[in-house]
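The chain contents come next:
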Amino acid sequence: MTRIAYVDGRYRRLDAPAVAAEDRGYQFGDGVYEMVKVIDGIPRDLDRHLARLARSLRELAIPAPTSPAVLQAIAREVIRRNPLRHATLYIQVTRGIAPRAHPFPASARPVLTVAVRRVAFPTAEERARGVAVALAPEIRWQRRDIKSINLLPNLLARQQALERGLREALFVEADGTITEATAANVFLVDARGVLRTHPADRRILGGITRQVVLELAERAGIPVDQRPFTVDELDAARELFLTGTTSLVLPVVRVEGRTIGAGIPGPITRLLGRLYAEHSGLGALAGDYAQVAPEPKS
Ligand SMILES: Cc1ncc(COP(=O)(O)O)c(C=O)c1O
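Residues numbered from 1 in each chain as written. Predicted model: local features only at pLDDT ≥ 70, side-chain atom pairs only at ≥ 80, totals over all residues. Heavy atoms only, no water.

1. A look at the overall build of the chain
Reasoning step 1: Secondary structure assignment for the chain yields seven helices and 16 strands.
Reasoning step 2: When its C-alpha atoms are laid out on the principal axes, the chain stretches across 60 × 40 × 35 Å.
Reasoning step 3: Across the 298 residues that make up the chain, the buried fraction comes to 52%.
Reasoning step 4: Partitioning the contacts of the chain with sequence separation of at least 6, the portion at a separation of at least 24 is 71%.
Reasoning step 5: As displayed, the chain offers around 14,000 Å² of accessible surface, 53% of which is attributable to carbon and sulfur atoms.
Reasoning step 6: Each charge sign in the chain was given a centre, from 42 positive and 33 negative side chains, and these centres are 4 Å apart. (Helix = DSSP H or I, 4+ residues; strand = E, 2+ residues; numbered from the N terminus. Buried < 20%, exposed > 50% of the residue type's maximum accessible area, 1.4 Å probe, protein only. Contact = heavy atoms within 4.5 Å. Areas by Shrake-Rupley, 256 points an atom, 1.4 Å probe, with all protein chains shown as cover. Lys, Arg positive; Asp, Glu negative; His and termini not counted. Charge placed at Lys NZ, Arg CZ, Asp CG, Glu CD.)

2. Concerning the site of the ligand
Reasoning step 1: Taken together, 18 residues form the shell around the ligand, and within it R52, E180, I208, T209 and T245 come nearest.
Reasoning step 2: R52 places a polar side-chain atom, nitrogen or oxygen, 2.9 Å from an oxygen atom of the ligand.
Reasoning step 3: In this structure, an oxygen atom belonging to the ligand sits 2.6 Å away from a side-chain N or O atom of T245.
Reasoning step 4: Contact with the protein chains hides 92% of the accessible area of the ligand, taken as 380 Å² for the molecule alone.
Reasoning step 5: At the level of secondary structure, the elements contributing two or more residues to the shell around the ligand comprise β9 (177-181), α6 (208-219) and β14 (239-244).
Reasoning step 6: A breakdown of the residues in the shell around the ligand according to their chemical character gives six nonpolar, eight polar and four charged. (Near = heavy atom within 4 Å. Polar contact = N/O pair within 3.5 Å; in protein donor to acceptor, adjacent residues only side chain to side chain. Nonpolar A, V, L, I, M, F, W, Y, C, P; charged D, E, K, R; others polar.)

3. With respect to the environment of A132
Reasoning step 1: In this structure, A132 sits in strand β7 (residues 131-137).
Reasoning step 2: With a relative accessible area of 14%, A132 lands in the buried category.
Reasoning step 3: Taking the C-alpha atoms as reference points, A132 and H86, separated by 46 residues in sequence, lie 25 Å from one another.
Reasoning step 4: Dropping the residues within four chain positions of it, A132 is found in contact with L166, R167, E168 and R254.

4. What to know about the side chain of K37
Reasoning step 1: Mapped onto the elements, K37 comes out in strand β3 (residues 31-39).
Reasoning step 2: Among buried charged residues, K37 stands out as having no salt bridge; its nearest opposite-charge side chain is D45, 5.6 Å away.
Reasoning step 3: Within the structure, the side chain of K37 is placed 3.0 Å from the backbone oxygen of T245, a separation counted as a polar contact.
Reasoning step 4: Ignoring any residue separated from it by four or fewer positions in sequence, one finds K37 in contact with I42, P43, R44, A87, F121, T245, L248, Y276, S280 and L282. (Salt bridge = Lys/Arg side-chain N within 4 Å of Asp/Glu carboxyl O.)

5. Let's talk about the domain arrangement of the chain
Reasoning step 1: In terms of domain boundaries, the chain breaks down into domain 1 (4-118) and domain 2 (124-289).
Reasoning step 2: Counting from both sides, the interface comprises 27 residues of domain 1 and, opposite them, 24 residues of domain 2.
Reasoning step 3: Taken over both partners, the interface formed by domain 1 and domain 2 buries close to 2,000 Å², and the fraction arising from carbon and sulfur atoms is 55%.
Reasoning step 4: Of the charged contacts in the structure, one is a salt bridge between R55 and D145, with a shortest N-O distance of 2.9 Å.
Reasoning step 5: For the side of domain 1 that touches domain 2, the secondary structure elements donating two or more residues are α1 (24-28), β3, α2 (46-59) and β5 (86-94).
Reasoning step 6: Looking at the side of domain 1 that touches domain 2 element by element, the count peaks at eight residues for β3.
Reasoning step 7: Here the side of domain 1 that touches domain 2 is built from residues that sort into eight nonpolar, nine polar and ten charged. (Domains from an automatic or database assignment. Buried area = accessible area lost by both parts, 1.4 Å probe.)

Structure follows, in C-alpha cells:
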C-alpha cells in the first residue's frame, strides 16, 4: 500500500522525493520530532506529545509551523489516508530551507512533515520473558530533554547492541549513572521495592510513556522515587524495564552479564505492563504480561 505523508504543505507519496537539499534538518539535524502511537485510528496521548513538541521547538527557537489545531487536523488527515490498525504517527519540524550557514536564518519557514507507518511492538515472547540489553558509554550532548532529530549516538549504540544479539542499550555516564536507553526510558525496582527512574532533567528525554507509567504506578500505590541509579545497583535490583511509545513496558532480565532479580519479569513490571497496555487501547496485549516460568538453565 502506498503511504501518503504530509510534507511542507502537501500530501505526497511517502516514497516520493520531497526534501530540499538545503533543508537545515537534512544538513545540520536542525529540527525536532515526535513519535505518537496510533491504535485503532486514535493517536494516543496526543496532547502530551504536542506539548513536548512545542517545548522542543521553544528550546531551539524554531517557530511553530502551525497552530496545534491545524497540526491535529493534518495528523487526522494523514491517519485517514493510511488506514492501519496499529501505527506510529511521525511529526517532524525542521528550521527550514536556507543557504547553508550556521547562524539561524532570518527568513526561513519551518518545514513540517507528518507520516504514518506500521509499528512493530515488542513480540509477545519479549513482553512475557523479557529481553537482554547492553551498556553503552553516554556520549550524547547535554540537552537530551530536547527531542532533536540528531540521533547518531543513539543509532550507534543501538546498532552495536543489535550486532551482539541484544535488544537495546542503556547509556551509562562516567560515574556509573544509567540515564536511559537509546529509544526508551529505564525504570528499576530496588531491593526495597521502590520504583526508581532518572528524574526528567536535561540528561534524559522526558518520555511520554515514562510520565504515564509514573502516574499509573502512583495510582496503584507503588512507591516511586525519581532518583538516578547506577550500574552497581543493578546487582541488587529486583526488576528492570524500559518504557517508550513503541517499546511499551518492556521487561529487561539481563544487562550484559548480570541477571536482574529472578531472571523473569517481576510483578511490578507485569502490573505496569498490563495497566499501560490498557491505557493505550492495547488491552488485547495485557495478557502477555502474565507470569512466566523461568527459562531452564542450559
Ligand atoms: C532517547 C529516548 N528516550 C526515551 C524515549 C521514550 O519516550 P516516549 O515514551 O515519549 O516514546 C525515546 C523515544 O523515542 C527516546 O528516543
